[in-house]
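Listed here are the chains, written in short residue letters.
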Amino acid sequence: MVDTIRLGMKERCPLCNSISEMFYEDTQRYCRCPQCRAIFVIKEDLPKSDAEKERYELHDTDTEDAGYRKFVAPITENILKDFSLDAKGLDFGAGTSAIISAILREHNYNIKNYDPYFHNFPTLLEEKYDYISSCEVIEHLYKPAEEFRRLREMLREGGKLYLMTDIYDERDFGSWYYKNDPTHVFLYTKDTFAWIKEQYGFKELLIEKRLVVLRL
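The following paragraphs examine the structure supplied in this document. (Residues numbered from 1 in each chain as written. Predicted model: local features only at pLDDT ≥ 70, side-chain atom pairs only at ≥ 80, totals over all residues. Heavy atoms only, no water.)

It is worth spelling out the packing of aromatic side chains at this point. The geometry of two aromatic rings is summed up by the distance between their centres and the angle between their planes. A full pass over the atoms with the stated rule returns 19 aromatic pairs. Ring centres of Tyr 117 and Phe 118 lie 6.2 Å apart, and the angle between their planes is 55 degrees; this geometry places the pair in the tilted category. Pairing Tyr 188 with Phe 193 gives two aromatic rings, centres 5.0 Å apart and planes at 10 degrees, and the pair type is stacked. Here Tyr 188 matches Phe 193 in class, with each residue buried. Here a set of aromatic residues connected by ring pairs shows up, and it is made of Phe 23, Tyr 24, Tyr 30, Tyr 168, Phe 173, Trp 176, Tyr 177 and Tyr 178. Taking the ring centre of Phe 23 as reference, the NZ or CZ of Arg 32 above it sits at 5.6 Å. Lying across the ring of Tyr 129, Lys 88 places its NZ or CZ 5.1 Å from the centre. (Phe/Tyr/Trp six-rings, centres within 6.5 Å; stacked < 30°, edge-to-face > 60°. Buried < 20%, exposed > 50% of the residue type's maximum accessible area, 1.4 Å probe, protein only. Lys NZ or Arg CZ within 6 Å of the ring centre and 35° of its normal.)

As a further point, take helix α3 (residues 99–106). Every buried residue of α3 is accounted for by Ile 99, Ile 100, Ser 101, Ile 103 and Leu 104. On its buried face, α3 sits against α2 (66–82), β6 (88–92), β7 (110–114) and β8 (129–135). (Helix = DSSP H or I, 4+ residues; strand = E, 2+ residues; numbered from the N terminus. Contact = heavy atoms within 4.5 Å.)

It is worth spelling out the sheet that holds β7 at this point. Read from one edge of the open sheet, six strands run β7-β6-β8-β9-β12-β11, paired in mixed fashion. Both outer strands of the open sheet, β7 and β11 (204–208), are each paired with one neighbouring strand and no more. Going across the sheet, the axis of each strand differs from the next one's by a mean of 15 degrees, ignoring polarity. Of the pairings in the sheet, the one linking β6 to β8 comprises three bridges and is parallel in character. In the sheet register, Leu 90 faces β8, and the bridge partner there is Ile 132. Each of β8, β9 (155–164) and β12 (211–215) is contacted by α2, which is oriented at about 160 degrees to β9, the strand it contacts most. Running over the sheet, helix α4 (residues 144–154) touches β6, β8 and β9 and is turned about 135 degrees from β9. (Pairing = 2+ DSSP bridges. Axes fitted to C-alpha atoms, helices over the stretch in contact; angles between N-to-C directions.)

Structural data, given as structure tokens:
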């Protein structure tokens, strides 16, 4: 497990453990990793768990909302295309609505929900899956190294990990809307996902806008 360690005005990256310099300061302070190129909130500024949960409870919970369904469609449509009914899936960080599972179950897919706040069934993390979805979750990870190791271990050989997050593209960070959510504590670049692919032994990486797919 990687601990973030303050080194003067530097911290260790919670994904790759590289010493990272201060990058930006606003209501939270961020470091930029020179190795995996991620941007992360320093440990001292991470939100408390109760504030984090309150923020998540504000998210959309209407599984019938057409806009919400369209938003998660890059994940649901690819799972429907890539896997058959007998495949076993997990929605990791399902949230209050568990909309991905709701949509896939309409097609009789076998998918379970895990969320540390709203579907806290830890035994699900001990099982193996053909596919795992995680929509707008990975930017909330305080310990991404630990969580990506866990996700990789839960996938069967040939399995796929479907992720959605906004990816930093070297625009002006100060005006980037995505960092304004205080629970977005670990932010990714395309280089970050390339590092994850190599580090955790994935065979393929696909990035299409917000959609990231990693295959074992």
